[in-house]
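# Coordinate inspection notes
Each chain, letter by letter, is given below.
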Amino acid sequence: MKTVTLTIDGRTVQAREGEKLLWAALENGIYIPNLCAIPGVKHPAAACRLCFVEIRGYPRPVTACTEPVVEGMVVSTRSPRVDRLVHTAFELLLSNHHLDCASCPRNRSCELQRIARERRFPLRVKRLRKLERNLQVDDSSPVVRYDPGKCVLCGRCVWVCREKGTGVLGFAGRGFERRIATFGDVPLGQSGCNGCGECTRVCPVGALTGKEA
Amino acid sequence: MKSSSIVAETFAKLQQKSRTAWQSLRDRPLILVGTATCGRAAGALEILKIIKEELEKHGLDAQVLEVGCMGHCYAEPLVTVYKPGFPPISYGYVTEGIAARLVQDFLGGDDPCLEFALAALETNDMVPALTDFPRGMIEKPIILDRCGLIDPAKIEHYIALGGYAALAGALTREPEWVLEEIKASGLRGRGGAGFPTGRKWETCRLAPGEKKYVICNADEGDPGAFMDRAILESNPHEVLEGLAIAAYAVGARQGYFYIRAEYPLAVERVKKAIEQARQAGLLGINILGSGFSFDVDVFQGSGAFVCGEETALIASMEGEPGLPRHRPPFPATAGLWGKPTVINNVKTLAYVPHIIERGAQWFRETGTAGSPGTAVFALAGKVINTGLAEVPMGTTLRELVYDVGSGIPRGKAFKAVQIGGPSGGCLPETALDMPIDFDSLSQAGAMMGSGGMVILDEDDCMVEIARFFLDFTQKESCGKCTMCHLGTKQMLEILEAITKGQGKPGDIELLLELAEDVKAGSLCGLGKTAPNPVLSTIRYFRDEYEAHIKERRCPALMCRELIAYYILPEKCERSCDACVGSCPVEAIYPNEDRIKVIDQQKCVKCASCLEACPPQYKAVIKLSPPELVAERGA
């Protein structure tokens, strides 16, 4: 496989030709915020809108998960424009996230917390309105607990459930009503979920958590 | 014999047959009834029935044809009569009585009933022709030219008037020639963004792969837009011919019409057109003996607005949820089933036969240098003559609103025009003299969009208009990307607060910040353009936003929470109780002088009293902010 050399934040890194920039950066220890990216998936969802970077010669910031690396590419993961976009996307996600870190099982292992730490974003909603939806927690499964109020709609669970589980998870609804649901929208406990728990391992936040621990 | 001469000869025979059929229509009186959706909504099918009954009753010999929409939707039902010895005359606002009179007096006698005539279709000494009116002088129909004059269900009408000659001509040349002609014409996509059609086709043609597709995007979904529907209902063969030429140019053998299921008549007429074209040998294997094979199917969309976006349209055709994907790859290189695919709007394809037949240079003679050709607009809202108009690019808004549309009804003042639907923007009076084309509109903060044009008058609140359109895009957002589904939601929440008088200082600035980020950060065109109505209304009508926030006042007296109804004591005619009877919640009572007073606690602001108050008194008014009522001592 051919490798290419590119520069990210002043560092020279090697990457496989055609690989998406996000993975090239992450594999080289350069962090770019991301939630919906799944390694090896042919069509990136590009849904979370957090992995914006600047590439020299491009008129505006682009998402790193969709941009294949090319020889000589010069990338910077930070710029006023990038920071502004990422901050807005992050704050939008928070405005729709049930912020309850202290009692959340994913406290200290949450990707939203990580992004806040890396980019020095406050973990609260200041500028925007809080969009409360009062969604019910689904506690029906013996192994998995689903709290839709914390879901960031990254789609990792849907993907892993189809890859390794029974494929009961999918997206339902449109626009602001979009959410993760089971086939037929029945509670997880009656859905044909085999309790493999893979979804709880890929969920970046506290939306899908295991019950055993 | 060379294949090109076979094509020419086969087509000449087809043309001859069609012309004979078309000319035979002229031997006896001919009545055209516009039965597109606009006509049907006004009762055209009833009129059609009555005309047929009357003809039968009076034993008169005449042909009756169902035709499409001429663009004069305001005057529907529309009937056109061809009678030997008379110019063809169109009659508007046709009622059952008028229909009967036309049959009895005009066809039965020789009285052309000019009191009901809208205009003649040709210049003559008897009746003013359409082209004698200001509208007729500004309009320059290319793709609407035959709409409303031919039966969309009869391929021979289309062929007799020159249809399919462009396809037959193209098939005698190389595909590259067709491509070059479209490129040279400067044709830009009429779906909204205005991307050069020739470049799209070229990308697809050069993309590697044996299998390619062409798709006609008829997923028209903007509120107030009906251009594509009217064309498909009135002249489906024009679009079908354009699609076939596109297929020949890019090397596709299969095409699709993606039509939303809410357009049942368009679906029916396109299906019929496809069937007739197949029977005539203009679709299918070895078209006209040229060796080129191409066929078309109809795919019905389920009504999601976002499916008008190319990648979402493809996803929905592939059986996936209609969600957009990241571009690139663009459909022209990897589209339907991963194959190179050209997706063009209905109107874009409708121009193609005309350009191929009359040449790129001819097309460039109309319109502006950057946007050649004409633009089709659907005039809706507060304008007298609603309907479709096709005008050269570069026509000013003023000409469109005042000459084509005949101005604002009921003597109200013009306020703004909303162009381009939910992706477009609102332009104020100062923009009226701006020549409209793709570039001038985007510079002004609006967008050509697909051609929807909603005219707003002094009674329309611009904050409410922005809220309305954002509510639409918010509901139609697919929910996939953060910026769009949460960003528009946040913006909508702010706008809702402002229209309810709960706006806060800084809300305008926050709206502007969010709008820029949603534009810059969204995944697809829906999110990238959704903030336009907000941005343009803030740009041109910021004072209205400020009045809502700072004074709790709606200058247009539209926002329900910011107005109160009030009866002027000096104007109230004491012995009249019209308002009292009209009020659904018994909020109006007479005081000791029998002057009517509104109990503001009970009032639900339905405006019934305002409408009930006889026009000679005009005693009911709206006040904003509502606190003004207390100041007046009520």
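Residues numbered from 1 in each chain as written. Chains lettered and ligands numbered in written order. Predicted model: local features only at pLDDT ≥ 70, side-chain atom pairs only at ≥ 80, totals over all residues.

### With respect to the overall build of chain B
Formally: Runs of E in the DSSP output that reach at least two residues are strands. Runs of H or I that reach at least four are helices, and both are numbered from the N terminus. All radius of gyration figures rest on C-alpha atoms, and the globule criterion is 2.2 Å times the number of residues raised to 0.38. Between the buried cut of 20 or more and the exposed cut of 12 or fewer other C-beta atoms within 10 Å of a residue's own C-beta lies the partly exposed class, and all C-beta atoms are placed from the backbone. By the criterion used throughout, residues are in contact when their C-beta atoms, derived from the backbone, lie within 7 Å.
Scanning chain B from terminus to terminus reveals 25 helices and 18 strands. Relative to its length of 634 residues, chain B is compact, with a C-alpha radius of gyration of 27 Å against a globular reference of 26 Å. In chain B, buried positions account for 55% of the 634 residues. Contacts spanning at least 24 positions in sequence make up 73% of the contacts within chain B whose residues lie at least 6 apart.

### Here's the deal with the sheet that holds strand E12 (residues 414-419) of chain B
Residue and element names in this part refer to chain B. Spelled out, the test is: A pair of strands is treated as paired once DSSP finds two or more bridges between them. Working convention: axes come from line fits to C-alpha atoms, limited for helices to the stretch in contact. Angles between N-to-C directions cover 0 to 180 degrees.
In space, the five strands of this open sheet follow the order E11-E10-E14-E12-E13, with mixed pairing throughout. Of all strands in the sheet, those bounded by a partner on one side alone are strand E11 (387-392) and strand E13 (425-428). Adjacent strand axes in the sheet meet at a mean angle of 30° when their direction is disregarded.

### Remarks on the domain arrangement of chain A
Residue and element names in this part refer to chain A. Heads up, the rule is: Domain delimitation follows an automatic or database domain assignment. Note on residue classes: Ala, Val, Leu, Ile, Met, Phe, Trp, Tyr, Cys and Pro are nonpolar, Asp, Glu, Lys and Arg are charged, and everything else, Gly too, is polar.
Domain boundaries assigned for chain A yield domain 1 (1-132) and domain 2 (134-213). Summarising the inter-unit geometry, the C-alpha centres of domain 1 and domain 2 are found 24 Å apart. Residues of the side of domain 1 that touches domain 2, tallied by class, amount to 12 nonpolar, two polar and three charged.

### Describing the nonpolar core
As a reminder of what qualifies: In this usage, the nonpolar core is the set of buried Ala, Val, Leu, Ile, Met, Phe, Trp, Tyr and Cys residues whose C-beta atoms join them within 7 Å.
Within the largest apolar cluster, 265 residues are counted, with the highest numbers of intra-cluster contacts made by B:Val79, B:Leu243, B:Ile245 and B:Ala246. Considering every element that reaches this core, the biggest residue donor is helix H11 (residues 236-250) of chain B, with 10 residues.

### Details of the packing of helix H10 (residues 227-234) of chain B against helix H14 (residues 346-358) of chain B
Residue and element names in this part refer to chain B. Note the cut-off: Angle categories: roughly parallel below 35 degrees, roughly antiparallel above 145, roughly perpendicular from 65 to 115, and oblique for all the rest.
Across the interface, H10 lies against H14 with an axial gap of 9 Å and an inter-helix angle of 45°. As far as their axial angle goes, H14 and H10 are oblique. In this structure, H10 contributes Met227, Asp228, Ile231 and Leu232 to the contact, and H14 contributes Val346, Lys347 and Ala350. Within the contact of H10 with H14, the residues separate by chemical class into five nonpolar, no polar and two charged.

### Considerations on the domain arrangement of chain B
Domain annotation for chain B reports domain 1 (21-132), domain 2 (163-364), domain 3 (374-457), domain 4 (462-551) and domain 5 (563-631). Between the C-alpha centres of domain 1 of chain B and domain 5 of chain B the distance comes to 47 Å.

### Describing helix H18 (residues 462-476) of chain B
Residues and elements named next belong to chain B. This is how it is decided: Expected span of a helix: the number of residues minus one, times 1.5 Å.
Between its first and last C-alpha, H18 extends 21 Å over 15 residues, near the 21 Å set by a 1.5 Å rise per residue. Burial analysis of H18 places 12 of its 15 residues in the buried class, which makes it a mostly covered element. Taken as a whole, H18 has its buried residues at Met462, Val463, Glu464, Ile465, Ala466, Arg467, Phe469, Leu470, Phe472, Thr473, Gln474 and Glu476. In this fold, the buried residues of H18 make contact with E12, E13, strand E14 (452-457), helix H19 (482-499), helix H21 (525-529) and helix H22 (532-551).

### Concerning the sheet that holds strand E5 (residues 117-120) of chain B
Hydrogen bonds between backbone groups are what pair the strands of a sheet, and the pairing can be parallel or antiparallel. Residues and elements named next belong to chain B. One open sheet holds the five strands; their spatial order is E2-E1-E3-E4-E5, and the pairing between them is mixed. Edge positions in the sheet fall to strand E2 (63-67) and E5, since each has one partner strand and no second. Taken pair by pair, the neighbouring strands of this sheet meet at an average axis angle of 25°, ignoring direction. Pairing of strand E3 (residues 79-82) with strand E4 (residues 89-91), which is carried by three bridges, proceeds in the antiparallel orientation. When the bridges of E4 are listed, threonine 80 appears paired with serine 90. Helix-sheet contacts for helix H3 (residues 44-57) involve strand E1 (30-34), E2 and E3, and the interaxial angle to E1 is about 160°. Where helix H4 (residues 96-108) meets the sheet, its contacts fall on E3 and E4, and the angle it forms with E3 comes to roughly 5°.

### Description of the pairing of E1(B)
Residues and elements named next belong to chain B. In terms of residue burial, E1 counts as a mostly covered element, since four of its five residues are buried. Bridge count for E1 against E3 is four bridges, and the pairing is antiparallel. In the sheet register, leucine 32 faces E3, and the bridge partner there is threonine 80. Of the strand pairs in this sheet, E1 and E2 are connected by five bridges, and their pairing is parallel. Each residue of the ladder has a partner; that of leucine 30, found in E2, is glutamine 63.

### Observations regarding the interface of chain B and chain A
On the side of chain A, 26 residues touch chain B, which itself brings 23 residues to the contact. Taken together, the elements giving at least two residues each to the side of chain B that touches chain A come down to H18, H19 and helix H20 (507-521) of chain B. Residue composition of the side of chain B that touches chain A, grouped by class: seven nonpolar, nine polar and seven charged.

### What about the pairing of E12(B)?
The side chains of a regular strand alternate, first on one face of the sheet and then on the other. Residue and element names in this part refer to chain B. With respect to burial, E12 is a largely interior element, six of its six residues being buried. Where E12 and E14 come together, five bridges link them in antiparallel fashion. Bridge assignment links valine 417 to a residue of E14, and that residue is isoleucine 455. As paired elements, E12 and E13 share four bridges and run antiparallel to each other. Counterpart to isoleucine 419 in the pairing with E13 is glycine 425. The turn joining E12 and E13, which pair antiparallel and follow one another in sequence, is formed by five residues; a positive phi near 85° is taken by glycine 420.

### Comments concerning unusual backbone geometry
Trans is the common state for peptide bonds, and a negative phi is the common state for residues other than glycine. Residue and element names in this part refer to chain B. With omega at -5°, the peptide bond leading from glutamate 76 into proline 77 counts as cis. Turning to its location among the elements, proline 77 is positioned in the loop between E2 and E3. A cis amide bond links proline 328 with the next residue in sequence, proline 329, at an omega value of 0°. Of note, proline 329 is situated in the loop between helix H13 (310-317) and strand E9 (341-345). Unlike most non-glycine residues, asparagine 286 shows phi in positive territory, near 55°. Tracing the backbone through its elements, the reader meets asparagine 286 in the loop between helix H12 (264-279) and strand E8 (295-301). Positioned with a positive phi, lysine 605 is a non-glycine residue whose angle comes to about 60°. Along the chain, the position of lysine 605 falls in the loop between strand E17 (596-598) and helix H24 (608-612).

### Some thoughts on the confidence of the model for chain B
All names here are of chain B. For the record, the criterion: The quantity known as pLDDT measures the predictor's confidence residue by residue, on a range of 0 to 100.
Taken as a whole, chain B shows an average pLDDT of 94; of its residues, 99% reach a score of 70 or greater. Predicted confidence in chain B is weakest over helix H25 (residues 628-631), with a mean pLDDT of 88, and strongest over H11, with 98. What the predictor reports for the complex is a pTM of 0.92 with an ipTM of 0.95.

### Overview of the environment of B:Val534
All names here are of chain B. Examined against the element boundaries, valine 534 turns out to sit in helix H22. Sequence separation between valine 534 and proline 264 is 270 residues; the distance between their C-alpha atoms is 33 Å. If we ignore the near neighbours within four places in the chain, the residues touching valine 534 are Ala466, Leu470, Met491, Leu511 and Ala515.

### Quick look at H10(B)
Within H10(B), eight of the eight residues are buried, which leaves the element mostly enclosed by the surrounding structure. Taken together, the buried positions of H10(B) are B:Met227, B:Asp228, B:Arg229, B:Ala230, B:Ile231, B:Leu232, B:Glu233 and B:Ser234.

### Describing the environment of B:Cys478
Its place among the elements puts B:Cys478 in the loop between H18 and H19. For B:Cys478 and B:Pro321, which are 157 residues apart along the polypeptide, the C-alpha to C-alpha distance reads 9.4 Å. In this view, B:Cys478 contacts A:Arg174, A:Gly175, B:Val306, B:Ala312, B:Leu323 and B:Pro324; residues no more than four positions away in its chain are not counted.

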